[in-house]
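Reading the structure
Here's the letter readout for the chains.
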Amino acid sequence: MTSKEAIQQAATAVDRAQRIAVLTGAGVSKESGVPTFRDAQTGLWARFDPQQLATPQAFQRNPKLVWEWYEFRRSTVREAKPNPGHVALAMLQKHYPRTTLITQNVDDLHEQAGSRDVIHLHGSIAQTKCFGNCQGPSTLVDLATIDNDLDDLPPRCPSCGAYLRPDVVWFGEVLPSDQLQRAIDASTTCDLMLVVGTSGLVHPAASLPIYAYQSGAALIEINPDRTPLSDMATLRLEGPSGEVLPHLIEALDDVS
Ligand code: BV8
Ligand code: ZN
């Protein structure tokens, strides 16, 4: 099937759907210049495996190294702008209000593009919290309000003196239960799920399309590569989301 026909079919499925869920992964931010988790890391981080750094053990073993990795990634995210894929998803939500956007990403590019009420399964790299959550989960700390002694990194919690850390979910940590529950509810009640830019390898996020499929929803996968979720997809739109999603939104004009 040519990609034009596939786009038309996808547009018809979107237009007919009563409730749409969208699950995005790092691939949707790639065209904004934010490397995906599976991309080879660059520069001085090239020799590190993100999965080995994004853990509480790595932070406890070498807090300064992990803190500086996140500072590097934060600076990349700060420079990044939403790409046409993010904008297309915001337009989808606007034209089809019963669309729930669930992201695994820790950037805020969906919000910058105009998406609202985004479910963040893995936290936010822009936020910082006390490692001990001394005031309760999450004890957020505004870095601008503390003196950031560059010779003593990571900075320390002003309340209890523990190290500060990024407000993201590390491997081996549980996801925020309210966000996860909202995501499960959206996945089990939708009749269409768009799965965009995710390798489908990280759980429990990768289970959401399976829940949707098992609940009878159609899945449309948007990804240049195949993933473990591809076999469940009713339709695959092969290509970068920054190109495919705008075509999908354009095609909606012909079907609605
Ligand atoms: C937990 C924040 C339990 C940090 C992240 C069940 C089965 C197997 C394993 C487990 C399981 N349950 C738990 C586990 C362990 C683990 C896990 O899943 N391991 C995997 C790797 C085997 N899960 C966890 O540890 C989770 N916690 O379950 O806790 C628990 C229970 C009780 C008590 C204690 C604990 C926590 C997981 C969250 C980890 N944190 N992020 C940070 O960012 O630093 S996940 C991190 O990796 C990212 O946030 C992202 O979510 C994920 C990477 O996935 P993707 O987003 O898919 O990105 P990826 O690079 O993999 O793929 C990109 C895709 O885009 C590719 O397909 C590519 O083809 C495509 N692409 C490329 N270019 C484009 C594109 N697509 C579109 N357009 C393009 N232009
Ligand atoms: Zn504290």
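Keep in mind that what you see is a predicted model, and the values were worked out from it rather than measured. Residue positions are counted from 1 within each chain, in the order its sequence is given. Written order decides the labels, with chains lettered from A and ligands numbered from 1. Restriction of local features to residues with pLDDT of at least 70 applies here, the model being predicted, together with a cutoff of 80 or more for giving and counting side-chain atom pairs; totals for whole chains, interfaces and linings are based on all residues. Based on all heavy atoms of the structure, the side-chain values leave hydrogens and waters out of the count.

For a metal with four donors in a tetrahedral arrangement, the ideal angle between donors is 109.5 degrees, while six donors in an octahedron ideally sit at 90 or 180 degrees. Protein-derived ligands of the zinc ion (ligand 2) are Cys 130 (SG), Cys 134 (SG), Cys 157 (SG) and Cys 160 (SG), with the metal-ligand distances lying across 2.2 to 2.4 Å. Coordination here is defined by N, O and S atoms within 2.8 Å of the metal (3.2 Å for Na, K and Ca), and since water is not considered, a site can look incomplete. Here the donor residues for the zinc ion (ligand 2) map to a single chain with the spacing C-x3-C-x22-C-x2-C. Categorising residues by exposure relies on relative accessible area from a 1.4 Å probe, with only protein chains included: less than 20% of the type maximum marks a residue as buried, more than 50% marks it as exposed, and the intermediate range marks it as partly exposed. The exposure class of Cys 157 is buried, given its relative accessible area of 4%.

Our focus in this paragraph is the packing of aromatic side chains. When the centres of two rings from Phe, Tyr and Trp lie within 6.5 Å, Trp using its six-membered ring, the rings pair. Their planes under 30 degrees apart give stacked, over 60 give edge-to-face, and anything left gives tilted. Taken as a whole, this structure holds eight aromatic pairs when the rule is applied. Arranged with centres 5.4 Å apart and planes meeting at 35°, the rings of Phe 59 and Trp 170 form a pair that is tilted. Linking Phe 59 in helix α4 (residues 56-61) with Trp 170 in the loop between β5 (164-168) and α8 (177-189), this pair joins segments that are 111 residues apart in sequence. Note on accessibility: Phe 59 and Trp 170 belong to one class, buried. Only lysine NZ and arginine CZ atoms are considered, and such an atom sits over a ring when it is within 6 Å of the ring centre and within 35 degrees of the ring normal. The aromatic ring of Trp 67 is capped on one face by Arg 74, whose charged end is 5.2 Å from the ring centroid. Numbering of helices and strands runs from the N terminus; a helix is a DSSP stretch of H or I covering at least four residues, while a strand is a stretch of E covering at least two.

Our next topic: the side chain of Gln 104. Looking at the element boundaries, Gln 104 is found in the loop between β2 (99-103) and α7 (109-113). Side chain to side chain, Gln 104 and Thr 198 meet in a polar contact 2.7 Å long. Not counting chain neighbours up to four residues away, the residues in contact with Gln 104 comprise Leu 23, Thr 24, Gly 25, Leu 121, His 122, Thr 198, Val 202 and Ala 205. Polar contacts, as used here, are pairs of N or O atoms within 3.5 Å; protein pairs need one atom able to donate a hydrogen and one able to accept it. Residues neighboring in sequence count only if both atoms are side-chain atoms. Between two residues, a contact is recorded if the distance between any of their heavy atoms is within 4.5 Å.

This part covers the site of ligand 1. One heavy atom within 4 Å of a molecule or strand makes the whole residue count as near it. Around ligand 1 sit 35 residues, and of these Arg 38, Tyr 70, Arg 73, Gly 172 and Ser 199 come closest. Here an oxygen atom of ligand 1 and a side-chain polar atom of Ser 199 are 2.6 Å apart. In this structure, an oxygen atom belonging to ligand 1 sits 2.9 Å away from a side-chain N or O atom of Asn 223. For accessible areas, the Shrake-Rupley method is used with a probe of radius 1.4 Å. Any residue's cover is judged against the shown protein chains and nothing else. Isolated, ligand 1 exposes 1,500 Å² of accessible area, and the fraction of that covered by the protein chains is 75%. Where the shell around ligand 1 is concerned, the elements lending two or more residues are α2 (27-30) and α5 (63-79). Gly counts as polar in this scheme, as do all residues outside two lists: the nonpolar Ala, Val, Leu, Ile, Met, Phe, Trp, Tyr, Cys and Pro, and the charged Asp, Glu, Lys and Arg. Of the residues that constitute the shell around ligand 1, the class distribution is 16 nonpolar, 13 polar and six charged. A domain-level breakdown of the shell around ligand 1 finds at least three residues from each of domain 1 (1-32 + 82-122 + 175-256) and domain 2 (35-79 + 124-168). An automatic or database domain assignment supplies the start and end points of every domain.

This next bit is on the nonpolar core. In this text, buried Ala, Val, Leu, Ile, Met, Phe, Trp, Tyr and Cys residues form a nonpolar core when linked through side-chain atoms within 4.5 Å. Counting residues in each nonpolar core, the largest one holds 28 residues, and the members touching the most others are Val 14, Val 22, Leu 92, Leu 194, Ile 220 and Leu 237. Counting only elements with at least two residues in this core, the list comes to α1 (3-16), β1 (20-24), α6 (84-95), β6 (192-196), β7 (218-222), β8 (235-237) and α10 (241-255). Broken down by element, the residue count for this core peaks at six residues, all from α10.

Attention now moves to the domain arrangement of the chain. By domain assignment, the chain separates into domain 1 (1-32 + 82-122 + 175-256) and domain 2 (35-79 + 124-168). Computed from C-alpha coordinates alone, the two centres of domain 1 and domain 2 are separated by 28 Å. As a working definition, buried area equals the accessible area (1.4 Å probe) given up by two parts on being put together, with both sides summed. Between domain 1 and domain 2, a total of about 740 Å² is buried, with carbon and sulfur atoms accounting for 62% of that surface. We define a salt bridge as a contact between a side-chain nitrogen of Lys or Arg and a carboxyl oxygen of Asp or Glu at a distance within 4 Å. Here domain 1 and domain 2 share one salt bridge between them. Between Lys 30 and Asp 39 there is a salt bridge, with the nearest N and O atoms lying 3.4 Å from each other. At the junction of domain 1 with domain 2, the criterion picks out three residue pairs in polar contact (both at pLDDT 80 or more). Tallied by class, the residues present in the side of domain 1 that touches domain 2 amount to four nonpolar, three polar and two charged.

Tracing the backbone shows Asn 83 in the loop between α5 and α6. There is a polar contact of 2.9 Å between the side chain of Asn 83 and the side chain of Ser 32. Contact partners of Asn 83, with chain neighbours within four places excluded, come to Val 28, Ser 29, Glu 31, Ser 32 and Gly 242.

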